[in-house]
Amino acid sequence: MSMLPSSKLFMREPLPLQISGQDIFLGILVVFGVGALIAGIYELRKAISVSQTPNKKVKNVRGDEDDIVVEGTVEPVDSNTFTEPFDGNESVAYSYKIERESESGADDTLETIENENKQTTFYVRDGEHQILVEPEAADLQMAQKTKISLENGTSLAQRLNPARFGWETFSYYISGQSLDVNSQVSIRGTPTKKKNESSTLVFSGATNGTFIISDTDPQETVQRMWIRGGLFAALGIGFILGGGYLIIA
């Protein structure tokens, strides 16, 4: 009587799943690419939205209407301003970031150790007419005001926070932006009547979420968005294609 061969003879042990460090790196590369592509598409969509928004003179704004763009000069509300830390100018909005890099050699790292973002309500004046702006929910599209490297925590870094920036073995990289009083500004959003003040118009948001305060005219603002969005999208596509090809190969 012959015995049937055991089924085990026809089964192969599954090969263990092996994931190398290179595979992990390439996967991260693809994920980073997807994130950059999404950010680029979002920026491009904002550029299209702003480019299709009509411009209005402040004197023609009535409130409770669709999104519009107005241009004018920044004026403070009741002297409610900040002293921006770069040039000491009067400002209604500014932000800065301080990064620190160790001078230890090949293993240098750059970390953010201080971030500050301040803003307050202000007027946009066009001739004899003005409109109030509440910037808390706005996307601030301001060019970099300055980007400097300060050795050993001197000058601005110590002035901003002398208790934390006194070390001798670090370099500090400080970048930021500000919207100064009397500077030109363009606003894209939805004007409404301020509560309990029927005569006061205010920008505090937008119907489609694209509430933008820019330190350039609308055309240059859109151009800046197109460039930034295109760069992010191109970078994302490059990482996705490159990482995907290397994973398959």
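Residues numbered from 1 in each chain as written. Predicted model: local features only at pLDDT ≥ 70, side-chain atom pairs only at ≥ 80, totals over all residues. Heavy atoms only, no water.

Undergrad: Help me get a handle on unusual backbone geometry, residues and values and all.
TA: Of note, the phi angle at D78 is positive, near 55°, even though the residue is not glycine. Following the sequence through the fold, D78 ends up in the loop between strand 1 (68-76) and strand 2 (82-83). Backbone geometry at S79 places phi at a positive 55°, although glycine is not the residue there. Mapped onto the elements of the fold, S79 is located in the loop between strand 1 and strand 2. Looking at S79, the relative accessible area reads 64%, which means it is exposed. (Helix = DSSP H or I, 4+ residues; strand = E, 2+ residues; numbered from the N terminus. Buried < 20%, exposed > 50% of the residue type's maximum accessible area, 1.4 Å probe, protein only.)

Undergrad: Tell me about the packing of aromatic side chains, and please be specific about residues and values.
TA: In this structure the tally under the stated criterion is three aromatic pairs. With centroids separated by 6.0 Å and ring planes inclined at 85°, the aromatic side chains of F82 and Y94 adopt a geometry described as edge-to-face. Remark: Y94 occurs in strand 3 (residues 90-102) and F82 occurs in strand 2; sequence separation between them is 12 residues. Taken together, a centroid distance of 6.4 Å and an interplanar angle of 5° make the contact between Y94 and Y96 stacked. (Phe/Tyr/Trp six-rings, centres within 6.5 Å; stacked < 30°, edge-to-face > 60°.)

Undergrad: Describe the pattern of salt bridges, listing the residues and the values that go with them.
TA: Two side chains with opposite charge may pair up if their charged atoms get near one another. The final tally for this structure, using the stated rule, is six salt bridges. Among the salt bridges present, the one from E43 reaches K46, with a minimum N-O distance of 3.5 Å. Remark: K46 and E43 occur in helix 1 (residues 21-51); sequence separation between them is three residues, near one turn of the helix. Judged by its relative accessible area of 9%, E43 falls in the buried class. Look at K46 and you get buried, because its relative accessible area is 9%. (Salt bridge = Lys/Arg side-chain N within 4 Å of Asp/Glu carboxyl O.)

In short, geometric facts, not functional conclusions.
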